[in-house]
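One letter stands for each residue in the lines below.
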Amino acid sequence: GVDLGLIAFCATAADASRNMIGFDFGCGIATVLGIVVALTTFPLVWAFMSWRSKKEAQQDPDTLMFTSERPLEIKKVPGALGSYLTFLKWTSGNLVGNVLVILGIVGTAWYVMTVAFPANSAGVEFFVDEEPDQAIVLVSARGNLSASQVRDVVAEVDNRILTIAGIRNSVSTATAPGGSTGSGSPIGGVQDKPADVVGELQIELNNFCCRRVATEIFAEIREKTASIPGVKVEVRKIEGGPPTGKDVRLQVKSTDYDAMVAAVGTARAFVDTVPGLVDIEDGRPLPGIEWELAVDREQAGRYGANIVSIGSMVQLVTEGVPIGKYRPDDSEDELDIRVRLPAEERSFSTLDKLKLPTTSGQVPLANFVTRSPQQKVSSITRKDGIYTMEVKANIADGFEENGRGVTPDDKVAEVQAWLDEQAWPESVQFEFRGADEEQKESGEFLAKAAVASLFLMFIILLTMYNSFWQTIITLATVIFAVVGVLLGLMATGQKFSIIMTGTGVIALAGIVVNNAIVLIDTFNRLREEGVETREAVLKTSAQRLRPIMLTTITTILGLIPMALQLNMNFFERTIAYGGITSVWWVQLSTASIAGLAFSTILTLVMIPSMLALPANLAAPFKWLAAKIGGRKARRMVASLADEE
């Protein structure tokens, strides 16, 4: 409880500095200090402040009642503890109560995991959808734009954005048309940019306390820039977690380039009809024409022409023929000296009229060079030697279906269902990338981590208990604690975050197992002192009810500030609700609170019943053995009497 309380303090205070390195360091020191306090300071303070001496405590009849020295009299136990022991005597004192408790818990777990949670879940997400304080505005435009035209387009978007309330600063960057590689960003935080991006604007929002939510600001940006002709504006927030790009990223792979392009076109046509998806794009080449010059080598050979000389003639009407280099006095770099025709003569008609000097005289290029238009291809992407393209889209802010917000997982499932219904060429393959891929990888990792942690706990507990049954009982509370996590998510309407909720579930296992260990260790000690099994169960529960409840309550109270997003600034003596980074810890703390509360009920009810189950199962057989043994004894006595 001390450790978790200090960690909760660090997490709630971290929003003031937003320094994650300082947060990690501070929480590490807080944890170490908590352990030192728990192991040294608290025992000393308790020793000095204890009211009663050890002798007086041993003479207390209430204390002796729960030890092996006196039989337990439940009727003399007052208050809530007496009611708890009365209930526990029925559930653990007979086989019927044991079976009802176990079946009730298993049935509840099955219903929650298979019926209630799937029907009432808010969805699954990869990382927390936090409130951003920065965003990137991508400006796309097509056409043969000059540098000055690109500058004017980006400046127009920038001027309109700066009039929006809630935006503090804007830094714009203009690039040449087609200059974007589609990966990375000079500003950072953007993955997989569209191929027709001509400019980027990094915008910084006002403090979270004094502005609207980012979704409203982004919607106004789209509204104010929608009227700019020929310009498409896309707003992307800086991703606080692992970068995943757009919400839905469908990768199409094929060994046949034409088949892949056709499949991408079909998939794009469907994605355009899916409600709730915006900022849709695909990896097909942008509309454009490039001219292909084909040289008839046989015909050129007849005239004595070669490829190098033909290329030089073509360069005269394009970028120029290099004839030398020049280095200015004020520069260390050399400049190319090129020769080309005047601007008014750089045309296809001039190219057709050009004559190439050969050994046979001046020969027109048109005699052996043909020109044909082709689809312009800016780049070709291969992965593992296979052609790849992507169809990408974002989910519209605030879009809902069936009364709840839509997650990327929902749209991925919808697109996947459509893909399964279509007939595709054998060479075409589909795979979802981005958040879906990262979510699956993280889910598999957390599942393996959970199995590994359970295995390690199993080995340690088996070594300590020397009993498979008690080890299984302890681990069962860890597994059933997940049910409490799901109940907490349903009650609060939160999404299941693979990263944060999954981490909370893993961390919960280490907390939950402690309560079970406390109960079972006390039970074993009483059994060693000769207490009968069912009475040992009741005395164990009476002794450990208060420590377990105190541990649970203090831990939950320590996590409540994180769950409620309460930011405590102890330097300025202020308490604020919400924040940019406080939302990160809501799902983790909610999972720990709900799972711990539910597992405590399991610990106090299920574990006593399961500890008493072997004795209750063996009781009828002992009675039968005693009955049979009594008959045999009477027969032996009768036979001895007859002999006499």
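Cut-offs used in this document
Residues numbered from 1 in each chain as written. Predicted model: local features only at pLDDT ≥ 70, side-chain atom pairs only at ≥ 80, totals over all residues. Heavy atoms only, no water. Phe/Tyr/Trp six-rings, centres within 6.5 Å; stacked < 30°, edge-to-face > 60°. Lys NZ or Arg CZ within 6 Å of the ring centre and 35° of its normal. Buried < 20%, exposed > 50% of the residue type's maximum accessible area, 1.4 Å probe, protein only. Helix = DSSP H or I, 4+ residues; strand = E, 2+ residues; numbered from the N terminus. Pairing = 2+ DSSP bridges. Salt bridge = Lys/Arg side-chain N within 4 Å of Asp/Glu carboxyl O.

What follows covers the packing of aromatic side chains. Applying the stated rule across the entire model yields 7 aromatic pairs. Among the aromatic residues, ring-to-ring pairing joins Phe270, Trp418, Trp424 and Phe430 into one connected group. One cation-aromatic arrangement involves arginine 371 over tryptophan 291; the distance from NZ or CZ to the ring centre is 5.5 Å.

All right, on to the pairing of strand 15 (residues 386–395) then. Summarising burial for strand 15: 9 of the 10 residues are buried, a large majority. Where strand 6 (residues 248–254) and strand 15 come together, 7 bridges link them in antiparallel fashion. Note that in strand 15 the partner of leucine 250 across the bridge is valine 391. Pairing of strand 7 (residues 277–282) with strand 15, which is carried by 4 bridges, proceeds in the antiparallel orientation. Residue pairing across strands places leucine 277 opposite isoleucine 395, the latter belonging to strand 15. Note: strand 14 (residues 382–383) against strand 15, 2 bridges, orientation antiparallel.

The next thing to look at is the pattern of salt bridges. Under the defined criterion, the tally for this structure stands at 24 salt bridges. Notably, a salt bridge pairs glutamate 234 with lysine 246, separated by 3.2 Å at the nearest N-O pair. Of this pair, glutamate 234 sits in strand 5 (residues 231–237) while lysine 246 is found in the loop between strand 5 and strand 6, placing the two residues 12 residues apart along the sequence. Accessibility classification places glutamate 234 together with lysine 246 in one group, the buried group. The salt bridge partner of arginine 249 is glutamate 390, with a shortest N-O separation of 3.1 Å. On the criterion of sequence distance, the pair formed by arginine 249 in strand 6 and glutamate 390 in strand 15 is long-range, its members being 141 residues apart. Side by side, arginine 249 and glutamate 390 carry an identical accessibility label, which is buried. Sharing partners across several salt bridges, the network here consists of Glu234, Arg236, Lys246, Glu281 and Lys392.

Glancing now at the pairing of strand 12 (residues 361–364). For a regular strand, the rule is simple: side chains alternate between the two faces of the sheet. In terms of strand pairing, strand 11 (residues 355–358) meets strand 12 through 4 bridges, oriented antiparallel. Within strand 12, the position partnered with proline 357 by the bridge is glutamine 362. Taking the residues between adjacent antiparallel strands as the criterion, strand 11 and strand 12 are bridged by 2 residues.

This brings us to unusual backbone geometry. Only a minority of non-glycine residues have a phi that is not negative, and only a minority of peptide bonds are not trans. Residue aspartate 384 is not a glycine yet carries a positive backbone phi of 55°. Checked against the element boundaries, aspartate 384 lands in the loop between strand 14 and strand 15. In this structure, asparagine 466 is a non-glycine residue whose phi angle is positive, near 60°. If you trace the backbone, asparagine 466 turns up in the loop between helix 14 (435–465) and helix 15 (468–492).

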